[in-house]
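# Chain and residue survey
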Amino acid sequence: MTRFTGTKYETEFKKKLQEQGFHVLNLGQNEAGDLIAFKDGKVIIFEVKSVKGDEFRFNPKTRLQWEKLKEDSKYADVYYAVKFLKRGWKVFKLPDRPEPLRIGEKQ
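These remarks concern the structure in this document. (Residues numbered from 1 in each chain as written. Predicted model: local features only at pLDDT ≥ 70, side-chain atom pairs only at ≥ 80, totals over all residues. Heavy atoms only, no water.)

### Some points on the packing of aromatic side chains
To be explicit about the condition: For this analysis, a ring pair means two rings from Phe, Tyr or Trp (six-membered ring only for Trp) whose centres lie within 6.5 Å, classed as stacked if their planes differ by under 30 degrees, edge-to-face if by over 60, and tilted for the remaining angles. Helix numbers and strand numbers start at the N terminus; a helix is a DSSP run of H or I with at least 4 residues, a strand a run of E with at least 2. Three labels apply to residues, based on accessible area from a 1.4 Å probe with only protein chains included: buried if under 20% of the type maximum, exposed if over 50%, partly exposed otherwise in between. We count a charge as sitting over a ring when the NZ of a lysine or the CZ of an arginine lies within 6 Å of the ring centre and within 35 degrees of the ring normal.
Scanning the model with the defined rule gives 7 aromatic pairs in all. Between phenylalanine 56 and tyrosine 80, the aromatic rings sit 6.1 Å apart at their centres with planes inclined by 35°, giving tilted as the arrangement. Residue phenylalanine 56 is found in strand 4 (residues 55-56), and its partner tyrosine 80 is found in strand 5 (residues 77-84); the two are separated by 24 residues along the sequence. When sorted by exposure, phenylalanine 56 lands in the same class as tyrosine 80, which is buried. The ring of phenylalanine 22 carries lysine 39 above its face, with NZ or CZ at 5.1 Å from the centroid. Positioned over the ring face of tyrosine 79 is lysine 93, at 5.1 Å from the centre of the ring.

### Details of the pattern of salt bridges
What counts is decided by this rule: By definition, a salt bridge exists where a carboxyl oxygen of Asp or Glu is found within 4 Å of a side-chain nitrogen of Lys or Arg.
With the rule as written, the count across this model stands at 9 salt bridges. Aspartate 96 serves as the salt-bridge partner of lysine 70, at 3.6 Å between the closest nitrogen and oxygen. Highlighted residues: lysine 70 in helix 2 (residues 60-72) and aspartate 96 in the loop between strand 6 (88-93) and strand 7 (101-102), separated in sequence by 26 residues. The class for lysine 70 is partly exposed, based on a relative accessible area of 29%. Residue glutamate 99 is joined to arginine 97 by a salt bridge in which the shortest nitrogen-to-oxygen separation is 3.0 Å. Linked by salt bridges that have partners in common, Glu55, Arg57 and Arg102 make up one network.

### Comments concerning the nonpolar core
The nonpolar side chains of a soluble globular protein tend to be buried, and buried together. Heads up, the rule is: The set of buried Ala, Val, Leu, Ile, Met, Phe, Trp, Tyr and Cys residues whose side-chain atoms join them within 4.5 Å is what this entry labels a nonpolar core.
Of all hydrophobic cores here, the largest spans 17 residues; its most connected members are Phe56, Leu69, Tyr80, Val82 and Leu101. Of all elements in the fold, only strand 3 (42-51), helix 2 and strand 5 reach the threshold of two or more residues within this core. It is strand 5 that provides the largest number of residues to this core, a total of 4 residues. Ranked by size, the runner-up nonpolar core spans 12 residues in total, among them Phe13, Leu17, Phe46 and Trp89.

Here it is, written out as structure tokens:
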């Protein structure tokens, strides 16, 4: 995903969170975590991804992000917000292992 495309989907997801009453900050070019959201005393970190197919697969770069997010999960809830381009958004709790995230999986 190019940075422009990434920013587009981060902005789109940020708006969705704001519509649900979250206060949301963009973490910019952070190594892991794109958005941090606050609501009712909860702190939630979101890593935003987009894919053309029905699953998001981890590659070496995103595995490193996952490792950093796993560390961050000691201090905040961490989720992946994945835009499946032909099917819409799905939010996944940070997985225990960097295995594919599929649109049909129950959370």
